[in-house]
Amino acid sequence: MVPRDWALVVFTVLTQAAVGAFLTLLILRNLTATAETPLRSCARWAHATVLAVLALGMVAALFHLSEPFEAVRAVVNVRSSWLSREVIFGGLFSLRLGALLLMEWRETRWSRVTHWLGWTAAATAVTFLVCQIKIYLLPAQPVWNSLATPLAFAGTALRLGVLGVAVGLVCCRVDETSREQKSVHSDGTTFATLRGLALLGLVGLVAELVVMALQLAPLADAMPAAALASARRLTEDYAGVLVTRLLLLVVAAACIVVVIVGKVSGQTHKLPAMTIVAFVVVLVSEVCGRFLFYASRVTVGI
Amino acid sequence: MSPKTDAIDPDDYDASRRAFLKWSALFGGAAALGGGGLLLSRDPSLPTSVATAVSGGRQIFHTANTPECLHCALLAHVEDGRLVKVTGDPDFNILACARGISRIRQLYSPHRLKYPMRRAGKRGEGQWERISWEEALDTIAERYRRIRGEDGNQAFLVFGGSGNWSSLSTGVRGLYSSFWNRFGGTTRTISGLCCASVTEGFNAVFGGGRSEFRDEWVHSRFFLAWGNNPAVTNQGYMKNLFQAREEHGARLVTIDPRLSETAALSDRWIQIRPGTDAALALGMIRVLLDEELVDTEYVRMFTNAPFLVRYGEVGYDLDAKAGSWPGGGLALPVDLGRLQLLTGSGLGSAQFMVWDETSSRPVPADTPGVHAALRGTYEIDGARYQPVLEWLRAIAYRYTPEAVHRITGAPPDLMAAVAREFAAAKPAAIIQNMAGAQRTDHGTLTVIGQLYLASLTGNVGVLGGGVNDRGGYLGQGGSINYPVPLQQNEPIEGIPVTKLGEYLVNQKPHPIRAMHVAGSGLLTQFPNTKKIIEGLDNVELMVVQDIFMTTTARYADFVLPVTTLFETRNLLAGMRSRYIQLMEQAIEPLFEARSDRWIMTELAKRLGFGDDFDKSDDELIRHVLEPTGVSLEQLEDGPVNPMPDPWVPFADKNFNTPSGRIELFSLYLQEKGFAPLLEYLDPTEAPWVDTVLAERYPLQLINRKNHNQVNSSFHHHDLLTEIWARQVLQIHPDDAASRGIEHQGGIGVFNDRGAIDAQADVTAGIMQVVVSVTTGWGGVDEKQTASILSPDKFEPISLGHTLNSSMVQVAARGDVT
Amino acid sequence: MTQVAFFVDVKSCTGCRTGEIACKVENGGEIGPRWRKVRTVEGDDGGPFMYHVSMACNHCEVPVCADACPSGAIQKRSDGIVVVDQTKCIGARLCAWACPYDAPQFSNETGKMEKCNFCSHRIDAGTGGPACAEACPTKALQWGTLDEVAKKQGATASFGPLPDAEITRPAVRFIPLKLVRG
């Protein structure tokens with residue numbers, strides 16, 4: 001791994017978080033289309049945050065290039081390059097999200113056009129994610145060229161998406177409830193939503209364990225050689241990061257379980273804090289995981 | 001005021017170097033596609049004369065690589081007075097290697113010495129003061145005159161190394177030798193670090209001479225690379241070996257403690273303990289004798305194997321196959337020095353007697369129709385005689401495959417199989433070539449073993465067969481003149497070369513006050529190097545002329561910048577190649593660098609014998625060439641091979657020995673006070689022999705050659721350093737594990753003589769208890785030079801180098817004592 | 001036009017790196033990027049073995065580097081030579097990830113990718129082939145058309161630890177080292 005690859009760590013984690021959060025928000029909105037759902041009032045701010053994160057990620061990607069000012073050339077080879085496609089769909093997603101945000105800003109209620117925009121943006125986001133995954137499905141890089149990459153990338157989107165939205169949810173509620181002195185727990189819909197998100201987050205954490213198992217599996221059957229070398233890098237050169245990541249996952253899982261159970265030492269009003277802690281821990285763990293993803297790359301051959 | 005400067009600081013020349021590197025777009029793709037025609041290799045249809053001009057203003061000059069390697073012909077491509085490319089000459093018999101073609105980086109290296117300098121700080125400290133050539137030469141000449149006046153010529157010790165091994169420099173019979181001869185002589189070192197034991201082995205058995213047939217390898221059917229790594233040290237000629245393999249199915253067998261580059265490509269690999277080679281040879285000889293694989297007709301006619309020999313006054317009741325010899329050791333319980341050849345009254349081989357089986361009586365060896373016995377005991381005048389071969393049989397008989405295995409570690413079946421293959425394949429070549437195996441405690445015996453094997457199988461004087469020794473026209477009987485004829489000087493007592501440090505420290509045999517070093521890695525090659533540095537305290541003046549601030553130059557009082565081979569006209573006359581080559585000047589000298597020849601001439605002028613030196617380059621070159629029959633004009637068209645082609649060393653089977661034959665029983669050795677027949681002697685410095693020392697230094701250290709350097713030459717080539725960055729010690733996984741050493745980890749290697757740093761290469765390709773480092777690496781101060789660890793004892797017969805009989809300990813870095 | 005190709009006779013390779021240096025000298029290469037690299041393979045197979053594999057860009061029939069490059073800087077010429085147009089390179093380095101042979105070399109000095117171009121300037125000018133092959137002292141490294149080199153007896157595009165040739169269909173053929181050790 002070279003220093004410039006850190007740009008990719010930031011880029012992939014942030015943009016995947018943005019994709020995950022956007023999809024989560026869209027699904028939430030549609031699940032509870034009629035009700036006055038908890039996040040509805042904060043939706044504009046939520047989408048703005050997603051756009052900001054997405055933009056930040058895209059800008060970070062420039063630093064991966066040695067010629068960042070010529071980044072626009074990256075779209076030239078759309079005929080065969082998944083990176084070109086990624087840039088195009090990343091850009092399209094940003095544009096559609098931006099347009100959606102504009103619409104929302106003018107009119108909180110979603111019109112037919114807003115809905116159309118929302119769903120096309122979602123499709124673009126998914127395509128964007130697929131392009132990201134496809135870039136890494138290289139036969140020359142066995143540790144990437146497996147189920148681990150889609151699982152890892154989609155997993156990041158899921159974990160950071162749902163937990164990010166959960167954080168938004170509690171922040172939004174805290175903001176509203178501070179005046180009313182009501183706990184999150186007392187609001188049935190919000191709590192149910194939070195629990196649902198937390199449950200999904202937990203599923204996401206399990207998915208990550210599968211990713212790690214896939215990365216380390218070559219240690220058992222010693223094949224192929226490059227994948228084995230990758231696994232060795234994880235367990236020898238980067239054992240500290242690997243263990244840290246595992247510990248963070250455990251901590252995050254514990255926090256999430258608390259949120260699902262809904263009580264901390266019988267005190268329910270700590271739930272917003274617990275949600276935020278879970279998100280931050282997962283975020284750090286994602287950075288570790290993505291670092292390991294790049295650092296464990298070992299090309300086939302000699 | 002002269003500015004103080006560190007010589008290795010890049011200066012403004014760096015900028016021009018960078019500019020040069022842009023001459024061809026760094027990247028060749030689209031930019032170069034349009035530039036077709038700019039970059040040309042020599043078209044065979046073009047004339048190859050001096051400075052062949054080709055399109056685009058490019059000129060091509062002939063030159064040659066001068067260190068002690070293969071002396072490959074190079075082509076220097078010049079554009080607008082700048083060297084733009086170096087390539088191997090495709091018309092030469094071999095193609096230049098990485099070192100030769102990377103010479104362009106040496107020429108334009110920012111690390112070159114650029115002007116004369118005088119030491120400013122303490123010796124070795126690296127503080128220098130820039131001075132003019134005038135001042136440098138005047139001062140040096142004045143001090144040389146004074147020292148000579150006070151203590152005579154013996155107060156001088158000079159070294160002309162192989163860094164620039166050419167006629168107008170420090171080559172064999174080169175200008176440097178002429179200079180010091182005209183100076184009145186100096187103290188000299190005795191014997192040599194390279195091949196003393198081969199020389200003595202050849203002296204002992206063949207009566208001298210050399211034997212190189214690399215171009216003839218194509219005719220060989222079998223190659224036995226013995227303690228030698230031709231894939232590295234003769235890589236240009238390996239194509240001939242590969243051709244023999246393709247065309248005749250020739251086999252390659254390598255004897256080496258480590259999986260060398262040659263061993264890796266071999267059909268068989270015999271791994272033996274360093275310094276036990278003579279035991280292996282005796283084991284193979286036993287197989288040849290036991291299984292009647294000896295070429296008996298050849299042996300009868302061309303060797304002294306049938307000569308009758310008597311032990312002591314009445315002879316010995318020798319039963320070569322008796323298992324009842326007294327004593328349990330492998331050596332015969334007799335004093336081989338008491339063996340006497342039976343002589344008659346004739347001359348040459350006629351003075352030696354053989355037993356004629358037809359007439360059942362002793363007759364002179366060259367009696368027509370004689371059928372000389374090779375076996376048996378014969379009673380003559382009351383004493384018992386045996387043919388020489390019978391004694392060899394008696395010696396070899398004890399070297400059973402199992403016994404050889406115990407000494408050498410060689411698998412018994414493998415050793416016997418190789419002996420059989422070697423005897424069956426003709427012609428068979430033993431590739432020896434100044435091998436590491438002869439730089440051992442008893443290296444001469446190793447060589448004699450090889451010569452025995454080649455002789456017993458009838459491979460000497462045969463096209464494609466024999467023992468391939470060092471190369472070169474001069475070694476094969478060719479001759480050249482010194483550029484300036486020599487004068488007769490008073491003899492001066494010398495210093496055994498391996499003992500340099502000890503002699504300097506103890507001021508033996510007399511104090512040395514001045515040392516002059518040209519193109520020599522004195523402090524990266526000479527054994528027990530720390531001792532030499534200690535001895536330098538007794539030397540008041542040391543002058544070094546070189547291209548770079550080498551380790552040796554760092555200890556000088558004056559350093560003089562020398563030109564590279566592209567900046568001067570010179571001659572390379574077949575030291576390590578058969579070819580004689582003119583080295584054309586391709587560009588003007590850079591900086592204030594001057595040729596070795598110019599420096600010698602200027603000093604000669606100041607010392608009062610300048611007239612003989614102050615001639616044109618071509619005058620000197622013509623004089624050197626005189627005995628060769630090759631003219632300067634011929635050379636201007638390219639390298640010339642003055643030798644017969646193909647070349648068969650000893651083709652006439654006429655050997656310069658007392659008998660004119662191959663002397664398995666060596667009168668030469670007997671006269672020098674050594675056993676006249678091959679015996680095996682354990683190395684003295686080996687952990688399985690010196691078990692007391694082994695408690696501290698349990699590993700045997702051997703030196704290896706690598707593709708990046710020739711001795712210490714080329715150490716400063718950045719393109720090579722990029723590939724081979726560090727001194728690397730090869731160590732067996734078991735030895736590494738017990739010391740906590742990891743692959744590619746930093747380690748210290750040490751013994752009582754000093755310590756070096758290296759990187760570990762943990763590899764199953766090296767024998768247990770044996771470790772290997774690259775010879776000549778780096779500098780003493782960087783603690784990577786293996787010569788620091790090398791023993792300064794000498795081989796008893798040849799006084800040669802024994803660096804591969806050395807014991808060390810290795811530790812993961814941090815434990816170095 | 002036919003596809004050009006390298007040919008490497010591993011059993012005649014001493015590991016001398018002359019090809020590597022010839023490449024640098026011909027193409028003005030600096031320290032850092034190594035268009036041709038000699039890899040040493042060591043192992044144990046009933047006894048230790050070692051051999052050298054000299055490899056540069058294999059000018060693959062399926063140039064995955066060109067496919068991966070987002071800016072279209074890598075092109076395959078009609079004679080099969082895969083070249084990088086540095087004016088188009090933005091330094092994304094995806095070609096290096098995609099290549100199973102470590103052929104694209106990133107220059108920290110220029111910030112661009114570079115790699116072996118089969119000495120296309122010499123091919124185009126008709127003055128010879130790749131400098132590395134012409135400099136090889138043992139003829140272990142040669143060049144020709146893919147059809148020619150593929151016909152050599154025992155030639156293979158992949159052996160030992162080399163990548164599966166199906167990934168890129170490299171325009172290179174090797175004669176592996178096969179030793180029967182006693």
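As shown above, the structure is provided for reference.
Residues numbered from 1 in each chain as written. Chains lettered and ligands numbered in written order. Predicted model: local features only at pLDDT ≥ 70, side-chain atom pairs only at ≥ 80, totals over all residues. Heavy atoms only, no water.

A.B. asks: Sorry, what's going on with the sheet that holds strand S1 (residues 4-9) of chain C here?
C.D. replies: Residue and element names in this part refer to chain C. Strand order in the open sheet made by the three strands is S8-S1-S9, with mixed pairing throughout. The open sheet has two edge strands, strand S8 (141-145) and strand S9 (172-175), and neither has a second partner. Here the average twist between neighbouring strands, direction ignored, is 25°. With five bridges connecting them, S1 and S8 associate as antiparallel partners. Opposite Val4, over in S8, you have Thr145 as the bridge partner. (Pairing = 2+ DSSP bridges. Helix = DSSP H or I, 4+ residues; strand = E, 2+ residues; numbered from the N terminus. Axes fitted to C-alpha atoms, helices over the stretch in contact; angles between N-to-C directions.)

A.B. asks: It is not clear to me how the interface of chain A and chain C should be interpreted in this structure. Could you clarify?
C.D. replies: Accessible area lost when the parts come together is the quantity often used to give the size of an interface. If you look at the interface, chain A gives 32 residues, while chain C gives 32 residues. Roughly 2300 Å² of surface becomes buried between chain A and chain C when both sides are summed, with 61% attributable to carbon and sulfur atoms. Remark: the boundary between chain A and chain C carries two salt bridges. As a salt-bridge pair, Lys112(C) and Glu67(A) come within 3.4 Å of each other at their nearest N and O atoms. Inspection of the chain A/chain C interface yields 17 residue pairs in polar contact (both at pLDDT 80 or more). (Contact = heavy atoms within 4.5 Å. Buried area = accessible area lost by both parts, 1.4 Å probe. Salt bridge = Lys/Arg side-chain N within 4 Å of Asp/Glu carboxyl O. Polar contact = N/O pair within 3.5 Å; in protein donor to acceptor, adjacent residues only side chain to side chain.)

A.B. asks: What should I look at first to understand the layout of surface pockets in this one?
C.D. replies: The calculated volume of the second largest pocket comes to roughly 1200 Å³. Lining the second largest pocket we find 33 residues, and of these Gln744(B), Asp761(B), Arg17(C), Thr40(C) and Glu42(C) sit closest to its centre. The set of elements that each furnish at least two residues to the lining of the second largest pocket consists of helix H25 (718-723), strand S28 (728-731) and strand S30 (754-762) of chain B together with strand S2 (37-44) and strand S3 (48-55) of chain C. A per-element tally of the lining of the second largest pocket places S2(C) first, with five residues. Of the residues in the lining of the second largest pocket, the class split is ten nonpolar, twelve polar and eleven charged. (1 Å grid on protein atoms, 1.4 Å probe; cavity = no way out; pocket = protein on both sides within 12 Å on 5 of 7 lines; lining within 4 Å. Points joined across faces, edges and corners; volume = space filled by probe spheres on them. Nonpolar A, V, L, I, M, F, W, Y, C, P; charged D, E, K, R; others polar.)

A.B. asks: Explain the packing of helix H9 (residues 239-261) of chain A against helix H10 (residues 271-295) of chain A to me, please; I cannot follow it from the model alone.
C.D. replies: The packing of two helices is summarised by the inter-axis angle and the distance between the axes. Residues and elements named next belong to chain A. Between H9 and H10, the shortest axis-to-axis distance is 8 Å and the interhelical angle comes to 155°. Accordingly, the angle class assigned to the pair H9 and H10 is roughly antiparallel. Handedness of the H9/H10 crossing: left-handed. The residue inventory of the contact of H9 with H10, partitioned by class, reads 20 nonpolar, three polar and two charged. (Parallel < 35°, antiparallel > 145°, perpendicular 65-115°, else oblique. Left-handed = near helix turned anticlockwise from the far one by under 90°.)

A.B. asks: What is the right way to read a nonpolar patch on the surface from this model?
C.D. replies: Residues and elements named next belong to chain A. Among the surface-exposed residues, Leu147, Val206, Val210 and Leu214 lie close enough to one another that they form a single nonpolar patch of about 330 Å² accessible area. Along the chain, Val206 turns up in helix H6 (residues 188-216). Look at Val206 and you get partly exposed, because its relative accessible area is 47%. (Patch = residues over 30% accessible without salt bridge, like charges linked within 9 Å, V, L, I, M, F, W, Y side chains within 5 Å. Areas by Shrake-Rupley, 256 points an atom, 1.4 Å probe, with all protein chains shown as cover. Buried < 20%, exposed > 50% of the residue type's maximum accessible area, 1.4 Å probe, protein only.)

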